[in-house]
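# Analysis of the macromolecular model
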Amino acid sequence: MGTITALGLVLLVSMVLVSGKQGVQAFLSLLFNFGALFFAIVLMAFHLNPIVVTLVTSIIVLAMTIFLGGSDDYSTEVAFYASLIVLVVLVLVIVPVEHWAQIQGFGQEDSEDLEGMSNVLGINYLQVAMATAILSTLGAIAEAAIAISAGLAEILEQHPKIELKNLQGAGLRIGKQIIGTTFNTLFFGFFGGFLALFIWFASVHYSLGEILNDRIFVGQILMVLFSMISVIATIPLTTSA
């Protein structure tokens with residue numbers, strides 16, 4: 001048994017013990033989403049438009065994540081529709097920002113790994129960078145949307161006569177708590193994933209200006225910022241819905 005298989009089984013058992021049937025559904029959504037992303041990569045490799053493929057895949061991923069991970073129909077529907085609106089807004093932000101930033105392709109840190117390989121693949125790397133940025137925000141969008149909608153559904157169940165203003169206020173208060181934890185999750189995920197890159201910067205004595213203009217570093221920072229923006233936009237939209 002391989003390491004990944006063993007850890008996957010540990011994850012499945014843990015999710016079942018903690019969440020029961022809902023844990024199984026969440027695990028299945030993870031597998032389905034992996035399959036959807038893999039299929040999207042194959043379609044891009046066959047030169048289909050990366051943006052179109054990404055948008056279709058994003059809708060599928062959001063639907064799988066929210067509907068298989070949610071506990072009731074009302075909260076999942078609210079979360080899904082709010083997620084779609086946030087996705088559209090983010091696409092309108094990501095496309096021009098990625099175009100202006102010009103961070104597509106590979107950085108000089110990749111030169112050793114790419115030595116002897118051809119980069120002329122007939123694929124628009126700018127569109128691939130846009131697709132990567134869009135896909136990187138899906139987890140944050142779905143997490144924030146389902147957390148807010150599930151919290152509001154629980155409040156409605158306990159207090160069915162609550163006024164709309166008070167309900168929306170409760171949703172915003174929940175959202176404020178989510179923002180803090182989500183931002184920390186995104187930051188430490190980025191820092192942990194790129195610790196080797198930071199060591200590279202220190203070893204070759206990059207200046208602050210070189211770091212801030214490094215293609216790989218800027219690309220990852222933009223993904224984190226896009227994810228943060230998606231969380232901020234998801235909270236009021238889900239609360240209002």
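These numbers come from a predicted model, not from an experiment.

## Regarding the overall build of the chain
Within the chain, the regular secondary structure consists of 11 helices and zero strands. Sorting the 241 residues of the chain into buried and exposed places 35% on the buried side. Sequence-distant contacts in the chain: of pairs separated by 6 or more residues, those separated by 24 or more amount to 73%. Looking at the chain as shown, the accessible area adds up to about 14,000 Å², and 70% of this sits on carbon and sulfur atoms.

## A closer look at the layout of surface pockets
Estimates place the volume of the largest pocket at around 450 Å³. In this structure, the largest pocket is lined by 22 residues; those nearest its centre are Asn33, Thr65, Leu138, Gly139 and Ala142. At the level of elements, α2 (21-45), α3 (50-69), α6 (125-136), α7 (138-158) and α8 (164-193) are the ones that each hand at least two residues to the lining of the largest pocket. Along the lines of polarity and charge, the residues of the lining of the largest pocket split into 12 nonpolar, nine polar and one charged.

## Describing the side chain of Ser29
Along the chain, Ser29 turns up in helix α2. Setting aside anything within four residues of it in sequence, one finds Ser29 in contact with Met64, Thr65 and Leu68.

## Thoughts on the packing of helix α1 (residues 3-19) against α2
Running from N to C, α1 and α2 cross one another at 145 degrees; their axes reach a closest spacing of 6 Å. When α1 is examined against α2, the residues Gly8, Leu11, Leu12, Met15, Val16 and Ser19 are found in contact with a partner set consisting of Lys21, Gln22, Gly23, Val24, Ala26, Phe27 and Leu30. Considered class by class, the residues forming the contact of α1 with α2 number eight nonpolar, four polar and one charged.

## Quick notes on the nonpolar core
Within the largest apolar cluster, 20 residues are counted, with the highest numbers of intra-cluster contacts made by Leu62, Leu87 and Ile94. Contributing elements (two or more residues each) for this core: α3, α4 (73-101), α6, α7 and α11 (215-240). Among the elements that take part in this core, α4 stands out by supplying seven residues, more than any other. Leu87 has contacts with Ser58, Ile59, Leu62, Ile134, Leu138 and Ile141, leaving out every residue within four places of it along the chain. Membership of the second largest hydrophobic core comes to 12 residues, among which are Phe194, Phe201, Ile216 and Val224.

## A word on the packing of aromatic side chains
Applying the stated criterion to the full structure yields two aromatic pairs. Look at Phe67 and Phe80: their rings are 5.2 Å apart centre to centre, the planes differ by 50 degrees, and that puts the pair in the tilted class. Note that Phe67 is positioned in helix α3 and Phe80 in helix α4, a separation of 13 residues in sequence. Taking the relative accessible area as the measure of exposure, Phe67 reaches 39% and is therefore partly exposed. Note on Phe80: relative accessible area 12%, which makes it buried.

## Focus on a nonpolar patch on the surface
On the surface, Val16, Val24, Leu28, Leu31 and Phe32 cluster together into a nonpolar patch covering about 390 Å² of accessible area. When residues in the nonpolar patch are grouped by element, the largest group, four residues, is from α2. Looking at the element boundaries, Val24 is found in helix α2.

## A closer look at α8
Counted at 1.5 Å a residue, the expected span for α8 with its 30 residues is 44 Å, and the 42 Å between its end C-alpha atoms agrees. Tucked into the core, α8 has its buried residues touching α7, α9 (195-203) and α11.

## Section: the confidence of the model for the chain
On average, residues of the chain carry a pLDDT of 79, and 89% of them reach 70 or more. No element of the chain has a lower mean pLDDT than helix α5 (residues 111-114), which averages 51, and none a higher one than α3, which averages 87.

What counts as what
Residues numbered from 1 in each chain as written. Predicted model: local features only at pLDDT ≥ 70, side-chain atom pairs only at ≥ 80, totals over all residues. Heavy atoms only, no water. Helix = DSSP H or I, 4+ residues; strand = E, 2+ residues; numbered from the N terminus. Buried < 20%, exposed > 50% of the residue type's maximum accessible area, 1.4 Å probe, protein only. Contact = heavy atoms within 4.5 Å. Areas by Shrake-Rupley, 256 points an atom, 1.4 Å probe, with all protein chains shown as cover. 1 Å grid on protein atoms, 1.4 Å probe; cavity = no way out; pocket = protein on both sides within 12 Å on 5 of 7 lines; lining within 4 Å. Points joined across faces, edges and corners; volume = space filled by probe spheres on them. Nonpolar A, V, L, I, M, F, W, Y, C, P; charged D, E, K, R; others polar. Axes fitted to C-alpha atoms, helices over the stretch in contact; angles between N-to-C directions. Core = buried A, V, L, I, M, F, W, Y, C linked by side-chain atoms within 4.5 Å. Phe/Tyr/Trp six-rings, centres within 6.5 Å; stacked < 30°, edge-to-face > 60°. Patch = residues over 30% accessible without salt bridge, like charges linked within 9 Å, V, L, I, M, F, W, Y side chains within 5 Å. Salt bridge = Lys/Arg side-chain N within 4 Å of Asp/Glu carboxyl O. Expected span 1.5 Å × (residues − 1). pLDDT = per-residue confidence, 0-100.

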